[in-house]
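Structural overview
For reference, the chains in residue letters:
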2 protein chains.
Amino acid sequence: MINVIDESGILAISTRLQRLADQLRKDGQLIYKANGIDFEPKWFPVIYTLYLKPVLSVVEISMEIGYTHPSTISLLKELEKEKLIRSKKDKLDERKRLIQLTEKGKTLVAEMQPVWQRMVVALTALTNTKNNLMKAIEEVEAQMKTLSFLERERQL
Amino acid sequence: MINVIDESGILAISTRLQRLADQLRKDGQLIYKANGIDFEPKWFPVIYTLYLKPVLSVVEISMEIGYTHPSTISLLKELEKEKLIRSKKDKLDERKRLIQLTEKGKTLVAEMQPVWQRMVVALTALTNTKNNLMKAIEEVEAQMKTLSFLERERQL
DNA sequence: TTGATTTATGTAGTTAACTACGTAGTTTTA
DNA sequence: TAAAACTACGTAGTTAACTACATAAATCAA
């Protein structure tokens, strides 16, 4: 069945993007569960960032993952409760809280590697169509950097 | 500056989609405001649906816009408070509440037409890159219908 | 034709992001 | 070197979707 929103075209693009993001996140959740791994997709950006850059402050993480710092703080709270990360004050700058993976966190990352690999394969198969979704996102983000949606409408 | 999430590739695709959806929605909000129109982007699916199909029940609307019925109900409450829609009981089926645009709603739709037209032009320019975002979304949705992300991972 | 099932709507509470605002520590400047 | 500005972090409250559950009307089946 074709509904109005699928037909209304580009005006509903933000709704369409949202819906697709939601579906992928939910499937991600189920995939971790099916693989016996206690992990939430929303934790991925923080954990993956700390895996690549082992010691970062709260704001550094928020910039890496592109979230606001309050959002980052609430993710960090969950991860600390799960004992996947720990934090300590920066001796050189008392305002900063330095975050890193715990041993449990590092072990979990190692366990998730094969799942992540399969996810990459599945997602690549899913999105590698005539118009590649990842590339399309990158291209649109580049376009917006040049001239945002707001600015483009104003110029008409 | 390139951050970790932009580099982590396809595993963060749901985050990337979400972010793009948010940015477009926020710009949409500003565009309505800049054009002196008191309208929220989140109302678009309901209003546009009722513009195309003038009388629908709550569940019919929720199916058209692809939201759950509780989400739809809360949108309808806002729109009723704004006096953009009104509802009446279906005489033939007392369970149903039939929704339609008010005169104020119809007038607003007419006023928004030129803004929508400019939005379409701006969004088309923004997304009509080498890999077309709208087409990519449609292709991925079709792929998921065939075999979801969850099912694809399981088969590996 | 009444009991069971389905459908339509509604309410309550959750989630995952956000903005706005406040405080404490660091850096810059007059 | 003290005041001003900036930076880092935190809290409170909002938003826009969701799931789970409840109720009433309609339909189906024995």
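The coordinates are above.
Residues numbered from 1 in each chain as written. Chains lettered and ligands numbered in written order. Predicted model: local features only at pLDDT ≥ 70, side-chain atom pairs only at ≥ 80, totals over all residues. Heavy atoms only, no water.

What follows covers the protein's contact with DNA strand C. DNA strand C sits among 20 residues. The nearest are A:Lys42, A:Ser71, B:Val59, B:His69 and B:Arg97. Among all atoms of DNA strand C positioned within 4 Å of the protein, those belonging to sugar or phosphate total 68%. Interatomic distance of 2.9 Å between a backbone N/O atom of A:Glu94 and a phosphate oxygen of DNA strand C. Mapped onto the surface near DNA strand C, the elements with two or more residues apiece are helix 5 (69-81) of chain A together with helix 4 (58-65) and helix 5 (69-81) of chain B. Residues that form the surface near DNA strand C fall into these classes: seven nonpolar, four polar and nine charged. (Near = heavy atom within 4 Å. Polar contact = N/O pair within 3.5 Å; in protein donor to acceptor, adjacent residues only side chain to side chain. Helix = DSSP H or I, 4+ residues; strand = E, 2+ residues; numbered from the N terminus. Nonpolar A, V, L, I, M, F, W, Y, C, P; charged D, E, K, R; others polar.)

A separate point is the interface of chain A and chain B. If you look at the interface, chain A gives 70 residues, while chain B gives 70 residues. In this assembly, chain A packs against chain B so that about 7,300 Å² is buried in total across both faces, 72% of it on carbon and sulfur atoms. At the junction of chain A and chain B, the tally comes to four salt bridges. Salt-bridge contacts for A:Arg16 lead to B:Glu141; the nearest nitrogen and oxygen are separated by 2.9 Å. Our count for the chain A to chain B interface comes out at 24 residue pairs in polar contact (both at pLDDT 80 or more). (Contact = heavy atoms within 4.5 Å. Buried area = accessible area lost by both parts, 1.4 Å probe. Salt bridge = Lys/Arg side-chain N within 4 Å of Asp/Glu carboxyl O.)

A few words on the pattern of salt bridges. A side chain with one charge can pair with a side chain of the opposite charge if their charged atoms come near. Under the criterion given, the structure shown has 16 salt bridges over all chains. Ionic pairing is found between A:Arg118 and B:Glu153, a salt bridge with its closest N-O pair at 3.0 Å. Of the two residues, A:Arg118 is situated in helix 6 (residues 103-127) and B:Glu153 in helix 8 (residues 149-154); the pairing between them involves two chains. With a relative accessible area of 5%, B:Glu153 lands in the buried category. (Buried < 20%, exposed > 50% of the residue type's maximum accessible area, 1.4 Å probe, protein only.)

Let's shift gears to the sheet that holds strand 3 (residues 97-101) of chain A. Residue and element names in this part refer to chain A. The strand order across the open sheet formed by three strands is 1-3-2, and the pairing between neighbours is antiparallel. Each of the sheet's edge strands pairs with one partner strand only, and the pair in question is strand 1 (56-57) and strand 2 (85-89). Judged from the two bridges that link them, strand 1 and strand 3 form a sheet pairing that is antiparallel. By the bridge assignment for strand 3, Ser 57 is matched with Leu 98. Here helix 5 sits on the sheet and contacts strand 2 and strand 3; the angle it forms with strand 2, its principal contact strand, is near 115°. (Pairing = 2+ DSSP bridges. Axes fitted to C-alpha atoms, helices over the stretch in contact; angles between N-to-C directions.)

The subject of this paragraph is the protein's contact with DNA strand D. Contacts to DNA strand D come from 20 residues, most closely from A:Val59, A:Arg95, A:Arg97, B:Lys42 and B:Ser71. Backbone atoms, meaning sugar and phosphate, make up 69% of the atoms of DNA strand D lying within 4 Å of the protein. Note that a phosphate oxygen of DNA strand D is positioned 2.7 Å from one of the backbone N or O atoms of A:Val59. At 2.8 Å, a side-chain N or O of A:His69 approaches a base nitrogen of DNA strand D. Elements that contribute at least two residues to the surface near DNA strand D include exactly helix 4 (58-65) and helix 5 of chain A together with helix 5 of chain B.

Moving on, we get to the relation of the copies chain A and chain B. Once chain A is rotated about the relating axis by 180° and shifted along it by 0.0 Å, it coincides with chain B to within an RMSD of 0.0 Å. Those values place the two copies in the arrangement expected of a two-fold rotation axis. Among all residues of chain A, the one whose C-alpha sits closest to the rotation axis is A:Asn131, at a distance of 2.3 Å. Of the residues that chain A buries at the interface, 100% are likewise interface residues in chain B, meaning the two copies contact each other through the same surface. (Least-squares fit on C-alpha atoms with pLDDT ≥ 70 in both.)

Time to look at helix 5 of chain A. All names here are of chain A. Its 13 residues give helix 5 an end-to-end C-alpha distance of 18 Å, which sits within 8% of 18 Å, the value for a rise of 1.5 Å per residue. Restricting attention to buried positions, one finds in helix 5 the residues Thr 72, Leu 75, Leu 76 and Leu 79. With its buried residues spanning 105° around the axis, helix 5 presents them on a single face. Facing away from the buried side of helix 5 by over 90 degrees, the exposed positions are Lys 77 and Lys 81. The inward-facing, buried residues of helix 5 contact helix 3 (44-52), helix 4, strand 2 and strand 3. Positive backbone phi, at 60°, marks Lys 83, one or two positions downstream of helix 5. (Expected span 1.5 Å × (residues − 1). Arc of directions from axis to C-beta.)

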